[in-house]
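# Report on the structure
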Amino acid sequence: MLNIVLFGPPGAGKGTQSEKLIEKYQLIHLSTGDLLRSEIAQQTELGMKAKLLMDKGELVPDEVVIGMIRSKLDQNKSTNGFIFDGFPRTAAQAEALDKLLSENNTAISCMLALEVDNEELTKRLLLRGKDSGRADDQNEDIIRNRIKEYNNKTAPLKDYYTAQRKFHAINGIGSVEEIFGALCSEIASIHQVI
Ligand code: ADP
């Protein structure tokens, strides 16, 4: 299986690139942000609780997102692989993911990290807020809080995957096609060794 963690701060382009990667490699896209927004749209209890945190730009509790990923892995036992988008976001989530995958006799193949500077990120997110209507993209304070949460809790995962020799950085500035090309060549070089 090809199991990719697509990594990067909010606005790095994970969603856009995931769409292209799942098509090319026939993978299942697991975005915890999308799963949470779908819970909100269905007005479930989980969704209503998550919304309070998401609207402030804070992370939702680990056990909530881990539970969602666990059930998606159980529902998709026979697939070429997964793209994890927006997950894991904390060390506890990364450890839980390794455990869940090993219970299914598989593992993370690589972490591909899209690197984009803070100024460009804020610009992109405010622009996306106008089109997507996402509440957490429309206010600069919420955006800054999301970037802060990322820097405090998520960025350290670079070390977690580096220790497993799975971390690969990609320049996230450029055209969608250029970045997609860079991701695919990285996957091709990793694929030769796994
Ligand atoms: P972005 O990467 O642009 O911030 P996401 O859709 O991935 O967008 O996430 C939106 C919000 O959903 C986050 O700010 C957070 O509140 C919540 N969220 C998504 N994934 C997770 C996760 N793995 N752990 C905790 N909270 C999450």
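Residues numbered from 1 in each chain as written. Predicted model: local features only at pLDDT ≥ 70, side-chain atom pairs only at ≥ 80, totals over all residues. Heavy atoms only, no water.

Attention shifts here to the overall build of the chain. When you go through the chain residue by residue, the secondary structure sums to 9 helices and 5 strands. Along its sequence from the N terminus, the chain presents helices and strands in the succession β-α-β-α-α-α-β-α-β-α-α-α-β-α. Here the C-alpha radius of gyration of the chain, 16 Å, is about what a compact globule of 194 residues would show, namely 16 Å. Principal-axis analysis of the C-alpha atoms places the extent of the chain at approximately 45 × 35 × 30 Å. Looking at the chain as a whole, 45% of its 194 residues qualify as buried. (Helix = DSSP H or I, 4+ residues; strand = E, 2+ residues; numbered from the N terminus. Rg over C-alpha atoms; globule rule 2.2 N^0.38 Å. Buried < 20%, exposed > 50% of the residue type's maximum accessible area, 1.4 Å probe, protein only.)

Moving on to the site of the ligand. If you check the shell around the ligand, you find 20 residues, and the closest are Thr32, Arg37, Glu58, Gln93 and Arg146. The contact in question runs from an oxygen atom of the ligand to an N or O atom on the side chain of Lys14, over 3.3 Å. Interatomic distance of 3.1 Å between a side-chain N/O atom of Arg89 and a nitrogen atom of the ligand. Summarising the interface, the protein chains cover 97% of the accessible area of the ligand, which totals 540 Å² for the free molecule. When atoms are counted within 2 Å of each cavity's grid points, the one that captures over half of the ligand is the largest pocket. (Near = heavy atom within 4 Å. Polar contact = N/O pair within 3.5 Å; in protein donor to acceptor, adjacent residues only side chain to side chain. Areas by Shrake-Rupley, 256 points an atom, 1.4 Å probe, with all protein chains shown as cover. 1 Å grid on protein atoms, 1.4 Å probe; cavity = no way out; pocket = protein on both sides within 12 Å on 5 of 7 lines; lining within 4 Å. Sits in = over half its atoms within 2 Å of the grid points.)

Okay, the layout of surface pockets next. Put simply, the largest pocket is a space of about 880 Å³. Taken together, 44 residues line the largest pocket, and the ones lying closest to its centre are Pro10, Lys14, Arg128, Arg134 and Arg146. Contributing elements (two or more residues each) for the lining of the largest pocket: α1 (14-25), β2 (28-31), α2 (32-41), α6 (118-132), α7 (140-154) and α9 (176-193). For the lining of the largest pocket, a count of residues per class yields 14 nonpolar, 16 polar and 14 charged. If you add up the space inside the second largest pocket, you get close to 150 Å³. Put simply, the parts of the chain that give the lining of the second largest pocket at least two residues each are β4 (110-115), α6 and α7. (Points joined across faces, edges and corners; volume = space filled by probe spheres on them. Nonpolar A, V, L, I, M, F, W, Y, C, P; charged D, E, K, R; others polar.)

Fine structural detail should not be taken from predicted coordinates in areas where pLDDT scores are low. For the chain, the average pLDDT comes to 94, and 98% of its residues sit at 70 or higher. Across the chain, the secondary-structure element scoring lowest on mean pLDDT is α6, at 90, and the one scoring highest is helix α8 (residues 157-163), at 98. (pLDDT = per-residue confidence, 0-100.)

All right, on to empty space enclosed by the protein then. One water molecule sets the probe size; rolling that probe over the atoms shows where empty space is left. Taken as a whole, this structure holds 1 cavity of 30 Å³ or more when the rule is applied. Lining the largest cavity are Val5, Leu6, Phe7, Gly8, Lys14, Gly86, Phe87, Pro88, Arg89, Tyr150 and Thr154. Elements that contribute at least two residues to the lining of the largest cavity include exactly β1 (4-7) and α7. Taken together, the residues of the lining of the largest cavity sort by class into 6 nonpolar, 3 polar and 2 charged.

Bringing the nonpolar core into the picture now. Among the nonpolar cores identified, the biggest contains 29 residues, and Ile69, Leu73, Phe84, Leu97 and Tyr161 are the most heavily contacted of them. At the level of elements, β1, α2, α3 (45-54), α4 (62-75), β3 (82-85), α5 (91-103), β4 and α8 are the ones that each hand at least two residues to this core. Excluding its chain neighbours within four sequence positions, the residues that come into contact with Leu97 are Val5, Ile69, Phe84, Phe87, Pro88, Ile108 and Tyr161. Tyr25, Leu125, Ile179 and Leu183 belong to the second largest nonpolar core, which has 24 residues in total. (Core = buried A, V, L, I, M, F, W, Y, C linked by side-chain atoms within 4.5 Å. Contact = heavy atoms within 4.5 Å.)

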